[in-house]
Each structure stands twice: as C-alpha cells, then as structure tokens.
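Descriptive analysis of the structure
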Amino acid sequence: MSTTFTINGQPYSVNLTDLPPDITLNTFIREHAQLTATKFMCQEGGCGACVCAVSDGKSSWTVNSCLKLLNTCSQLEIVTCEGLGNQNSGYHPIQKRLAKMNGTQCGYCSPGFVMNMYGLLEQHGGRVTMSEVENSFGGNICRCTGYRPILDAMKSFAVDSDIEVPAECTDIEDLSVKPRNCPRTGKICGGGCQRSKLIYEEGYQWYWPKTLVELFEALENIEDSDEFMLVAGNTAHGVYRRSPDIKHFIDVSGLEELYQHSSDSQQLKLGANMSLTQTMEILQSTSKQPGFEYLEVLWNHIDLVANVPVRNSGTLAGNIATKKHHPEFPSDIFISFEALDVKVLAMENATDEQEMTLEEFLSDSNKKLVLKAFHLPAYPKDKFIYDSYKIMPRAQNAHAYVNAAFLLEVESDSTVESARICFGGIRPDFTHAAPIEQLMVGHKPFESGLIEQLFNKLENLIQPDEVLPDASPAYRSKLACGLLYKFLLKHAPDAEVSEKFKSGGQSLQRPLSSGMQLFQTQKQNYPVTQAVQKLEGMIQCSGEATYMNDVLTASNSVYCAFVGATKVGATIDQIDASEALQQPGVVAFYSAKDIPGTNTFCEPSFGYQAEEIFCSGLVLYSEQPVGMIVALTADQAQRAVKFVNINYSNPRADFQLMPSLKHVFSSPTLDASRIVPLAVSKLKDVKFSDKPDVEVRGIFEMGLQYHFTMEPQTTVVIPFEDGLRVFSATQWMDHTQSAIAHMLQIKAKDVQLQVRRLGGGYGSKISRGNQVACAASLAAYKLNRPVRFVQTIESMMECNGKRWACRSEYQCHVKSNGKIVGLSNDFYEDAGWNTNESPVQGHSTSTASNCYEFTESNFKVSGHAVLTDAPSSTWCRAPGSVEGIAMMENIIEHVAFEIQKDPADVRLANINKKSKMATLLPEFLKTREYFSRKKEIEAYNSNNRWKKRGLGLSVMNFPIIYLGQFPATVAIYHVDGTVVVTHGGIEMGQGMNTKVAQVAAYTLGIDLSYIKVESSETINGANSMVTGYAIGSESVCFAVRKICETLNARLKPVRKPKASWVETVEAANAQLINLIASDQCKAGDMQTYQVLGLALSEVEIDVLTGNILIKRVDLLEDAGESLSPWIDVGQVEGAFVMGLGYWLSELLIYEGDNGRLLTNRTWNYKPLGAKDIPIDFRVELMHNPRPNGAGFMRSKATGEPPCVLAVSVIFALQQALQSARQDAGLPREWLRLGAPTTPETLVLNSGHQVAEFKLK
Ligand SMILES: Cc1cc2nc3c(=O)[nH]c(=O)nc-3n(C[C@H](O)[C@H](O)[C@H](O)COP(=O)(O)OP(=O)(O)OC[C@H]3O[C@@H](n4cnc5c(N)ncnc54)[C@H](O)[C@@H]3O)c2cc1C
Ligand code: FES
Ligand code: FES
C-alpha cells in the first residue's frame, strides 16, 4: 500500500511496506528524500533540531519529525527548512533575520528554530506578540548562542515589536499563509483519504480506522498477548521508549469522534485525542464563559507541558494513557484534571460509553479501553477557587519535580464545602492529600488555627519516594507544602496576609528579555574589526550548511551502535553476538578481536594514555563499548544491541565501585589509591600570619558538565579506491587520522579526513569522537561499504567523559580589611578512569590565584586527579579555568562573608595592583551602580519573606597560551580573482572562518565577497593542532595573514598602480606566478596574554519553590581589538549562558550500585532554555588593544573566558539565601553552594520550616 504526501511541494508516493513500520518522518526526510536541513540529535522531542512544519490543507503546525511516524503522514504537506527558502529561490524572511541578526554560531540548531518560528506564524496567521514568540521556543535548545540574538530575530516579527531590524530584512511579504493542495487529488485537502489496514511481512500491522466500529474491529483482531498502540502523536516515546515488541499500530487520527469538543453551561467536553495545542485554544475561548474562568489557569499549566511542537502532536488521551502505563509519570494533565474532578468517557466497544473518574480509568485492567472524551465541569468563580503549580528545573520543557492542583468549594459563609488537594511527583500511589481535604471542610480556609493544623498534617502526609535521579524526598516534601502555602497566600483576602508575605503568593514574573551589546570598531582596518555577518550564517539558517551526517552516501550504507558492558570491575570473558546477528537487518558484529591494529582511540604519541575502542578485558565504567552492531538502519542496530550476551568473570572481591567524586569523598575511608597528585605545590607549608584576624576554611564542590553539542558524535566513512574517506565530527583531524590508521594498520595517507564544520564541540570532539570514528572506519574497512555512525544521546552521555568535577578544600587567614595573608587550596578533580585531558596541572592551577596578589610563600595550591569508575573526563569549554577561577572567587566571597565586608571590597583589597583589574573593577562597580543596587536589594529583601534577591560579582584573569601548529593554504583563481582558503582548524561555531575571511580580505586588500573558506581536510590541514583552548581562530588567522603577505609579495612585481585586483591576478597568472601558498602558525609566533573580564549578576528567588529569575547581567569582557565584534559578542553571550547552565541546572547523577549514569537524556539533563537567560543581558566588549606582537592583530580570544564569569550567579544566590535564613531565624553561616545550585539546593538551604507557614 502506498501513501502520498508532499515535501516542500514535491509529491512522494511511498510504498509503506518497503520501509520499517515505525520509520519516523525525520528518517524519511533525511535518508530517503535526502533533504538534510532537518537535523536530529535527541530523537525524543527534547532538543528541537528536527522541527518541521506539516499542513493538512486546513491548518498548519510544527512537529518533531523525530517523533512523527511516517505512517501518519498521509496527505500531509510537509515543509522543511530548505522548502522555506534557499540560495536559488531566495531566502525566507525568518532565515534572513536570524542570519543577519547574529542568531547562529555552529548553526546546527538554526533550521529547527526557523521552522518553529515559521510554524508559529502560520498558526497565528502571521500575527504574534513578542511575548508569544519568547514563550514558544522552550523546545529548541541552542548550546552556542545563549539565545538572546535568536530571540531578538524572532521577536522582530511580532506585531508589537520594537526591535531594530537590519534594513535588508524588512520584507515580510513571504510570511503570508498559503493554502496547500492535497497531493493525491490536487485540490485543497478535505481529509478523508481511504486507507484501512496494512500487514507487513514481519507480522507488523497498521490500521487506519475511520469509525469507532473499525477501531474496535482492529482491537478485536489483536491477541491479548500482543502489544499494540493507539498512535496519536507518538510523543510518549519521548518520555518512555516505545516497546520494540509492539506489533499493532492503530492510527487514531481519522476518528472524528475523538477530536470533537462542545460546551454548555455545565460542562466542557473535550475529545480525548485533541492535541494539547488544540486543547489550549479551546480552553482560552471557553474561559470567557461563566463558570469556566478557571480554564485560564489550566491553560497556563498546559503551557508548561513539554514544548510547542510536542504539544502540537501530543494528545490528552496519550498523556493520560501514559500515566496509566507508568503510574510514576508526573503527568501535568492528570494532576490538573484530577483536582478538577474531570471525568473520562471510555469505551470498550463501539457502542457502549462509560463515564469514569480518572482514578477508575487508571486502575482499570482492560488494556483495550479507549478514551473517547474528557468532561470538565463548570466551577463558578464565586464559589470555587482553583489554582495549579508546576515546579521544574528550568523555566520550560521539563517535567515537574512536584506539580499540584487545588480546588476549593467555598460556601457563602466562607467555609469550605469540599476540597481537592492533589500533588504529583510524590509517589506513584499518592495523589490526594485526603486528610487535608477532610480537615478543610467546614473551616474557613485562611484561619490561622486551620493553617497550623493543616501544615502539621501535610508535612507528615507527604512522604515522597526516593528514586534516583528524581530530586530528594526532603525537597519534594518541602516543595509540596510550599505550594499549598503559596495557594493560600495568593487566594486569602488581602487583609489576612501580612505585607511581607504577600509576594510569596505570586509565581516569579518574567518580563520579556532584552540585551545590549556594546563594542567599538576600527574603520581603517575594515573588514577586520568590522561587525560583519557570519560567513555561513545564511546557509546555516536555510539548512544548506552541511554537517558530517549530511554527507550523502550510496544506498548500501550501514549504521552502527555500540554494545555496552554493564559489570564494572569484572573482566569480559566471552561475547556472544549470535542472537543479535539473527535480528532483522543486522549485518555484522565487531569487537576488540576484529581490530587488525591497535585497539585505542587515544594515541600515546599525542600525549594520551591509550583508551580501548572496544573493551577487551576489565570493564572500567558502565556502558563501556565492548563492540558494535552494524545494521541496515540505525534503529535496527540500536535494537539488536540488547541481544548481545556478555559473560563476565573475576569480579574483583575488594572492588568498591565509585563512579563519581561524591562517592569517593563520602566513602568512610578515603581510598588513597584513587588520588593522583598531579600538581603538588613545591611550597611545604603556606606561611599564614601569626595572628590572623579571621581564619576561613571551607569546601567548594563543582559537578560534571555534559557538553551537550547539538550535533551528535558522528562519523561517516566511505571506502574509496585503496583507502578511506572519513567525514568525522572531530576538533582534531590529525589525532583522528592517526588513531584510525593505527587501528587498521594502514598508512595515514590512506585515511583522508574532511570536516566541513561541527555542530558544536566545546571540547567533546577533541578525542571522544575518535571512538565513533574508529568504530565506523573498522566497519567500512571490513565490509567495504559506506558506514554511518551517529551516537544516540544515551550512548553519548554514558560513554563520553564530561567536564572534570572538582572539589576544593581551602583554608586562609585574613586581615580585618579583607586582605588574605595566607591561602592553601587542595583541589581534587574527577578524572574518570584515567587522567587523559587533565586540566589539573594546567588552567586549574594557573588560574587558581585569579587576579589577586599573593607571594611565593603565602599561596599554596595543590591539584590532584581522582580516579573514578566513569568514562575518562574531558576538556569542556574553558577547562580548568572554570574551576580555578571559581575556587578563588568562592574563597573571596567566603572571606567577605566571614568578616562581614562587601565582597567587592574584599576583591579590591586583594587585587594585584599591577593588574589592569585594579582600575577596571572600581570603574565597573561605579558604572553598574553596584553599591546602590545592593542597597535596593537589601531593602527589597527586608520587605519580602518569600522572595529574595541577590547581586553577585565575579572577575577573571584568563591566560591564553599557544600550542602546536596550524597550517593553511590560500589559492587565488585567475579566472575572477576569487580566493579560497583552507586550513587545519575546525569551524565549530566560534566564527573561525569568518575571521579568517576578514583577515584574508584585509591583507590582500580586497572585498570580503571574494573569499571563501573551504572544508578543513588532512592534506592542506595536515598535522594541525587541535582546535580548542580558544586559540584556534587567532592561530589560523595568523597563518592566513602570513600566506596572504607571501602572495602579496609574489603579486607585487605585476601590480600596476591603477590595476584592479582581477587584472593584477590575471597578469600574475599570465606570468606563471604561483597563486597558491601555504604556511603555518606555530607556538611561539605570538606572545601569550591575559583576558580580563567582569560580571555582575542579579537574581531573584522564590524561596518556597527554589525557582529563580536572572534579572540582569552586566558583563564586561576584554576583547583586545575585536577582529569581528558580532562573532565575539555571540561567543561571550553563548559561553556565559553555557556557564550559567553549569551553575544552575545541569546535574549528572551516577548510581552507586552499578555505576550507571541515570541522567542520560534530554528528559532528565537540562541545559538552560530560552526563558532561563538573563532578562536584561548587557554585554560590553572592552576595547583594549594590546601592543603589536602579543596575540593576533591586537585582538583577544573570546570563546571560552566568559564561561568562567557565570559563577557570579551563585554568589548572588548565596546573598538571597542568607536573607531567607536570617528571616527563618537561623544563625549566620556560610553555605556551600556549588555547581549546580538547583532549586532543590536553594529550598533545602533556605532554612524555613513548614511549621512556619502562616499568613500573618
Ligand atoms: C519532550 C517532552 C516533554 C514532555 N513534558 C511533559 C510534561 O512536562 N508534563 C506532562 O504531563 N507530559 C509531558 N510530556 C508527555 C506528553 O504530554 C505526552 O507524550 C503526550 O501527551 C502523549 O500524547 P500522544 O498523543 O503523543 O500519545 P502517543 O504517544 O501517541 O500514545 C501514548 C499512549 O497513549 C495511548 N493512547 C492514545 N490515544 C488513546 C486513546 N484514545 N485511548 C486510550 N489510549 C490511548 C497509546 O496506546 C499509547 O500507549 C512530554 C513529552 C515530551 C516528548
Ligand atoms: S531530535 Fe527531535 S527533538 Fe531532538
Ligand atoms: S548555534 Fe545553536 S547549537 Fe550551535
């Protein structure tokens, strides 16, 4: 049976049985239609890389193509980013604005953002407000930009926008919504194409019932033992993976009965399979009817469920059915509906309907019970009070720690007639706080006596379960009580609530965000220092920019997946892949014994300890790859993995599994064999003063951070003649080439790499990507066919090391004026199972004094690596300096706290007077009104018990050093004078190619439009150093300038005074002058230097929930004389926001028993989103040209340093918490806040007791 649809207007007629029964739209678009603008990363609705738009002729909406199943796409018009616009047909206004307003860096996320915006405009007929726009990007993660420029570009389309738009982007005519025609009939689609059932050879069955009778016929055909699924949005797969054993798929989208809605004065009836978006539209309109005003609250709650594309597809029934299958699921729909006493209309055959409570439905054992509708009663607002809450780790697109909904029925005498007090996220068997509901009945809800009893009872009643990686029971219990308190504060009559408590009743109010970017340019040096648009910005926004997995291969390519070991500390005895090899589509299984050469992806000759590609003996960490499955599709490879049986032997009897730093340090006896001193101070004893005014001691802890590149670890290998062509997402081609060659025992010349660009690296692709690259190369070599290896998010998070977690144990003596007279800092960093890529001896140590003044005898810092049973930790954006500077800044803050001085003054007392920081800091404090704002904050805090504010400062001195060599080649074409540059660096979003083009144009004295930067490869980029440490751009620019100077010298003899560039080049060619030149930049060519920076972060916290707002950030970064200010501003904003994620939300949890990483998906690992960034984000690039000779053209690196400054946010939080603790009557005590300081940390440290909850 064939199905028809169009993609970008092109009709497709697909025989479904030729494809897997559960193939996603994403796989079809990319692999069959070969349209690669639509990316993927998480494959679970959590990142937004895959968003595209679909239309049925009547309306249009965005979907996550990674979740949408192709078998539900019949008759749809699918629009991908290349369909919106491209270089041939012209770009779409959204693509243009995003590119021209500096909204891309690596660009991997850009098509997803463009499509999300396109869908939003289509859905709203082109009329959206700024706040609607800002609210709609919760499902799109960007790890590079920090979101600010993206939001600006998108908000500029809003009807109320006041955002300045570049002159060339003011055309909006293409935004109009055009009706699309049905591909089958050629007319505007009216729906109703006839399909009924499809049986696949392997036994899978798809059904497309059009009536309830057909639906139940299909259900009757299914054996009780068979697994089946009613396919609505298929988004539940993003929460709980769909069972591979499902044989029957029943598409419910053709059943009109499930999509109808109606309302009268008594109830609103919602079709069970209405999407959450459709539901919200109906809630909004119905909320205007008397009795249904509460629907506005419900709207606001659903607005916090998932994200726009998931809500566009995900349905009410799908959500409730998921709760039925997984009682622990903290469903927001369930909690809201249960408090509202919503009834379900369920059917077990085509004719009989039964009204049930939700609880009845959930506990009903009939698997084939179909949800038909939900009945929402009217609740007149003069009689009922309803409110609901959802508290999560970031502002949007996260499931709740705890959610709650409360409905009170209040008599005219103000007593409660009935109460529904419901909490989610507590325990699978807990929803109603029944004793509280009973207690309230007959009482006035805001009576102080009742409130006291109520919270006494509630605290005992709420006993959350302890299931990692969920937040602790202590937090969830306090949070749940806090939510009920919040409800009472909000709804109590004004006079009943003390002024100081009132703001506790309000949720945090986040206004629209905005930013300010200040920099200077030098006209005489243009295009260098000019604020130019990123070279590849336009093609990134149209999706024409290609990444490694976009390389097209012949149709016989195969796909890989790692098989992971589970018994850490045991030895692999035998691997039996025979069952896996029988699975559909499986082509091969390879393990260590299949490797012809060396089994390592980290080369000792590159300074690494060897790390096995496939574990051949002792298992070092959970999910360590022991082999790989190669199959015809990626899904088949991933599914077959679990059929590989591994036998282990010799589990070490004395082995104590310790997968993280926390496990090592919480062990009753510290295992000294795990501690490797790497940077021990030569100083024996630090010289403390004899009589310190104060001694300060403490411990400061920072966790791991996952790089979270939007482009996964990816390698495509194509056997070519007698060698391999390797397209690998690597930051270090030289190392990858070497590892592959040695593994296969072939020559380096036979392994040629090409890297167009990376979709983000941040250190994760320096060496970690080599594992995938080697594995893919092995398969290509063995099978002699193209191989694709794209690691899944789980595999990436489990197998690849993260930023080194760090623990600092410090002691210092301080004078009463804040001057530190002696400091000792022993720090310990989590190496994983080996010390490869250690920052300990490098930046962690060299930045540990920051810009403060110490002598050789009064400052002692010793760094140690700690070996844990986890993947080897890696460099991650600003490795070492994040830890080094944070450790010192934390000590300054702690000192200030102990001596009760302002932290700014303590910094001033300690700054090295020779550092420029000595003048920068006072100036910064003055211009950013530090002291007056601090006073305002203190006043605010003393007037508000449950909302607190804080202002945190950080300063940095970031050393830049140069390493290795970077080659480059420049070729000038005589045909038209255009110039191509290729180099050994890697463009990964940092704007290297744009800077290179600016420098080439400047040096050759030609327009930027003449220059193109081609892919990096291992011929012109042979032997190149890794692109990292923020030095890649400068180094390659240096090499390119040298080359252009050489070419200028060659052209000089033929240059005529008035001749144009093209004429000069033509003349040179006529004289057979070589117009190709190569050269390099090597360590020592440029002097090292320091980057200075300052940040001031202002926060507000909700003490009852732990949620925060970053109200304002001022960031001043020394950029020297910025080569390309928009690029540098982007780097600064992006690095800072990545740092904020580290300090606030990115929590990684390892299970102690088996070493498994429990936070291995977008569902449970949370980088910040668009609504978490500073509301007012002011970035200034300090114009601080350095003398010639240091660095490149007086510029400074920007890619990594600002990440360091984000630590300021936890100092602001400390201040806010201290005020809360003071109000709670706790003694003054320094709090050990670290990375991440999550809402849980905040609530558990805020010191309040539930018994304290009073209205007055
Ligand atoms: C990234 C992401 C974030 C999310 N965040 C949240 C969140 O914060 N809060 C929250 O509550 N939820 C969240 N969800 C869950 C989301 O709400 C559900 O995935 C969605 O509602 C399921 O609807 P669906 O139509 O896609 O169901 P499907 O995935 O199509 O189906 C799910 C189940 O429902 C059954 N089913 C479908 N229709 C019926 C019917 N009529 N009768 C009986 N059974 C039926 C199916 O058989 C299947 O078992 C999130 C999901 C994702 C992907
Ligand atoms: S790949 Fe679809 S949302 Fe991440
Ligand atoms: S530009 Fe958004 S992830 Fe790189």
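Residues numbered from 1 in each chain as written. Chains lettered and ligands numbered in written order. Predicted model: local features only at pLDDT ≥ 70, side-chain atom pairs only at ≥ 80, totals over all residues. Heavy atoms only, no water.

Quick notes on the site of ligand 1
Asn234, Thr235, Thr315, Asp332 and Lys390 are the nearest of the 37 residues found near ligand 1. Threonine 235 is positioned such that a nitrogen or oxygen atom in its side chain is 2.6 Å from an oxygen atom of ligand 1. Alanine 306 has a polar backbone atom sitting 3.3 Å from a nitrogen atom of ligand 1. For ligand 1, whose unbound accessible area comes to 990 Å², protein coverage reaches 95%. At the level of elements, strand S8 (227–231), helix H10 (308–313), helix H11 (316–325) and strand S14 (370–377) are the ones that each hand at least two residues to the shell around ligand 1. Among the elements that make up the shell around ligand 1, the one with the highest residue count is H11 (six residues). Partitioning the shell around ligand 1 into residue classes produces 18 nonpolar, 16 polar and three charged. (Near = heavy atom within 4 Å. Polar contact = N/O pair within 3.5 Å; in protein donor to acceptor, adjacent residues only side chain to side chain. Areas by Shrake-Rupley, 256 points an atom, 1.4 Å probe, with all protein chains shown as cover. Helix = DSSP H or I, 4+ residues; strand = E, 2+ residues; numbered from the N terminus. Nonpolar A, V, L, I, M, F, W, Y, C, P; charged D, E, K, R; others polar.)

Here we look at the domain arrangement of the protein chain
The domain architecture assigned to the protein chain consists of domain 1 (2–174), domain 2 (394–497), domain 3 (548–652 + 708–785) and domain 4 (965–1082). Using C-alpha coordinates to define each centre, domain 2 is positioned 51 Å away from domain 3. (Domains from an automatic or database assignment.)

Quick word on the packing of aromatic side chains
Remark: the centre distance and the inter-plane angle together describe each pair of aromatic rings, the angle taken between the planes. One pass over the full model with this rule turns up 41 aromatic pairs. When the ring of tyrosine 1142 is compared with that of tryptophan 1143, the centres are 5.2 Å apart and the planes differ by 65°; the resulting orientation is edge-to-face. The ring of tyrosine 204 is capped by lysine 247, whose NZ or CZ atom sits 4.6 Å from the centre of that ring. The lysine or arginine in question, arginine 803, covers the ring of tyrosine 1142, its NZ or CZ lying 5.1 Å from the ring centre. (Phe/Tyr/Trp six-rings, centres within 6.5 Å; stacked < 30°, edge-to-face > 60°. Lys NZ or Arg CZ within 6 Å of the ring centre and 35° of its normal.)

Quick look at the UniProt feature "binding site: [2Fe-2S] cluster 1" (unreviewed entry) in the protein chain
Per the UniProt record, "binding site: [2Fe-2S] cluster 1" (unreviewed entry) is annotated on Cys42, Cys47, Cys50 and Cys66. Maximum C-alpha separation among the annotated residues is 10.3 Å over a sequence range of 25 residues, consistent with a single clustered spot. Setting aside residues no more than four positions away along its own chain, cysteine 42 makes contact with Cys47, Arg241, Ile793 and Thr1162. Assignment of secondary structure puts cysteine 47 in the loop between helix H1 (25–32) and strand S3 (51–55). (UniProt positions renumbered as here; feature names shortened; annotations may be inferred. Contact = heavy atoms within 4.5 Å.)

Notes on the environment of threonine 978
Counting through the fold element by element, threonine 978 comes out in the loop between strand S35 (965–972) and strand S36 (979–983). Between the C-alpha atom of threonine 978 and that of valine 1065, which follows or precedes it by 87 residues, the distance is 9.4 Å. For threonine 978, the residues in contact, after removing those within four places along its chain, are Ala971, Ile972, Tyr973 and Tyr1010. Among the polar contacts listed, one links the side chain of threonine 978 to the side chain of aspartate 976, at a separation of 2.7 Å.

Section: the nonpolar core
With 300 residues, the main nonpolar core has Met117, Ile421, Phe423, Phe455, Leu484, Met628 and Trp1143 as its most contacted residues. When residues in this core are grouped by element, the largest group, eleven residues, is from helix H26 (residues 881–899). Here methionine 628 is in contact with Cys560, Ala561, Phe562, Val563, Ala588, Phe589, Tyr590, Phe614, Ala775, Leu778, Ala779 and Phe789, once residues within four sequence places are set aside. Listed in part, the 42 residues of the second largest apolar core include Leu316, Leu340, Val342 and Leu369. (Core = buried A, V, L, I, M, F, W, Y, C linked by side-chain atoms within 4.5 Å. Buried < 20%, exposed > 50% of the residue type's maximum accessible area, 1.4 Å probe, protein only.)

Here we look at the environment of tyrosine 1165
Relative to the assigned elements, tyrosine 1165 resides in the loop between helix H33 (1125–1144) and strand S42 (1176–1182). We classify tyrosine 1165 as buried; its relative accessible area is 0%. In the structure, tyrosine 1165 is positioned 16 residues away from isoleucine 1149 in sequence and 9.5 Å away in space, judged by C-alpha atoms. Of note is the side chain of tyrosine 1165, whose polar atom sits 2.9 Å from the backbone nitrogen of tyrosine 706. Of the polar contacts made by the side chain of tyrosine 1165, one reaches the side chain of glutamate 1146; its length is 2.6 Å.

Structural notes on the pattern of salt bridges
Applying the stated criterion across every chain yields a total of 60 salt bridges. With a closest N to O distance of 2.8 Å, aspartate 152 and arginine 148 form a salt bridge. Within this pair, aspartate 152 and its partner arginine 148 are both found in helix H6 (residues 148–155), separated by four residues, close to a single helical turn. In this structure, glutamate 893 engages arginine 907 in a salt bridge whose closest nitrogen and oxygen atoms are separated by 3.0 Å. (Salt bridge = Lys/Arg side-chain N within 4 Å of Asp/Glu carboxyl O.)

Remarks on the packing of H33 against helix H35 (residues 1208–1223)
Two elements in contact, H33 and H35, have axes whose closest approach is 9 Å; the angle formed by their N-to-C orientations is 45°. It follows that H33 is oblique to H35 by the angle criterion. Residue-level inspection shows Phe1136, Leu1140, Trp1143 and Leu1144 of H33 in contact with H35, the latter providing Ser1208, Val1209, Ile1210 and Leu1213. Taken together, the residues of the contact of H33 with H35 break down into seven nonpolar, one polar and no charged. (Axes fitted to C-alpha atoms, helices over the stretch in contact; angles between N-to-C directions. Parallel < 35°, antiparallel > 145°, perpendicular 65-115°, else oblique.)

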